[in-house]
Amino acid sequence: MALKAEGSRQGGSDEDVCLICFEASPPPIQSGSSLAARAGLAHLGCRVQAAQTLVERKSSRRWWFTCQTCEQRFTGAMCIGLANAWWSQVRDRAEEDPERLAAASNLATSLYSQGKHAEAEEMQREVLAV
């Protein structure tokens, strides 16, 4: 079932909306998980907030790279966006910090899966340097 802006039922807006906040602006992006087409649309910021909340509640970092709804890995722009957001939150920690290492490894894997091999190698060196 596609999510639409509120006015669509009455001949109003037919915009795609974020599955988390139900807002159409800015335009949400595809999560890249197994949620099909419009059902997988979300704002990166909404996914970041959801990941932060779930990590705190469920003590699992997997929410940075796994969809909270279908539990499949994110792909595409959402995958890279979440990986960058997680890395931004932990990059200033001690080099041997386990979450910092996990975030760096996740970002390297995300970059590599999107064909950004040089950037992925740079991140991998960050992990291996420790």
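Coordinates for the structure precede this section.
Predicted, not measured: the structure shown is a model, and the values here were computed from it.

Colleague: Explanation requested: the nonpolar core in the structure shown.
Modeller: By size, the foremost hydrophobic cluster in this structure holds 31 residues, and its most contacted members are W64, F74, L82, W87, L107, L111 and M123. Going through the elements one at a time, α1 (44–58), α2 (76–90), α3 (98–113) and α4 (117–128) are the ones with two or more residues in this core. When residues of this core are assigned to their parent elements, the largest contribution, 9 residues, is made by α2. Sequence-distant contacts of F74, that is, excluding residues within four places in its chain, are made with S31, G32, S33, R47, W63, W64, F65, T66, C67, Q68, C79 and L82.

Colleague: So what exactly am I meant to see when it comes to the packing of aromatic side chains here?
Modeller: Each aromatic ring pair is specified by the distance between its two centres and by the angle formed by the two planes. Throughout the structure, instances matching the rule amount to 1 aromatic pair. For the pair W64 and W86, a centre-to-centre distance of 5.9 Å together with 5 degrees between the ring planes defines the contact as stacked. On the criterion of sequence distance, the pair formed by W64 in the loop between α1 and α2 and W86 in helix α2 is long-range, its members being 22 residues apart. W86 sits in the buried class, given a relative accessible area of 1%. The lysine or arginine in question, R62, covers the ring of W63, its NZ or CZ lying 4.3 Å from the ring centre.

Colleague: Would you mind showing me how to read the pattern of salt bridges here?
Modeller: Pairing between side chains of opposite charge can happen when their charged atoms approach one another. Applying the stated rule across the entire model yields 3 salt bridges. Here R93 and E99 are joined by a salt bridge, their closest N and O atoms 2.9 Å apart. Overall, R93 belongs to the partly exposed group, its relative accessible area being 36%. Judged by its relative accessible area of 17%, E99 falls in the buried class. A single network of salt bridges, built from pairs that share partners, joins R93, D97 and E99.

Colleague: What is the right way to read α3 from this model?
Modeller: An α-helix turns once per 3.6 residues; consequently, residues spaced three or four apart project the same way. Relative to the 22 Å expected for 16 residues at 1.5 Å per residue, α3 spans 22 Å between its end C-alpha atoms, a close match to the ideal helical length. Of all the positions in α3, only E99, R100, A103, A104, N106, L107, A108, S110 and L111 are classed as buried. On its buried side, α3 packs onto α2 and α4. Measuring from the backbone nitrogen of E99 back to the side-chain oxygen at the start of α3 gives 3.0 Å, which picks out D97 as the cap. Following α3 by one or two positions, G115 adopts a phi angle in the positive range, close to 80 degrees.

Parameters and conventions
Residues numbered from 1 in each chain as written. Predicted model: local features only at pLDDT ≥ 70, side-chain atom pairs only at ≥ 80, totals over all residues. Heavy atoms only, no water. Core = buried A, V, L, I, M, F, W, Y, C linked by side-chain atoms within 4.5 Å. Buried < 20%, exposed > 50% of the residue type's maximum accessible area, 1.4 Å probe, protein only. Helix = DSSP H or I, 4+ residues; strand = E, 2+ residues; numbered from the N terminus. Contact = heavy atoms within 4.5 Å. Phe/Tyr/Trp six-rings, centres within 6.5 Å; stacked < 30°, edge-to-face > 60°. Lys NZ or Arg CZ within 6 Å of the ring centre and 35° of its normal. Salt bridge = Lys/Arg side-chain N within 4 Å of Asp/Glu carboxyl O. Expected span 1.5 Å × (residues − 1). Polar contact = N/O pair within 3.5 Å; in protein donor to acceptor, adjacent residues only side chain to side chain.

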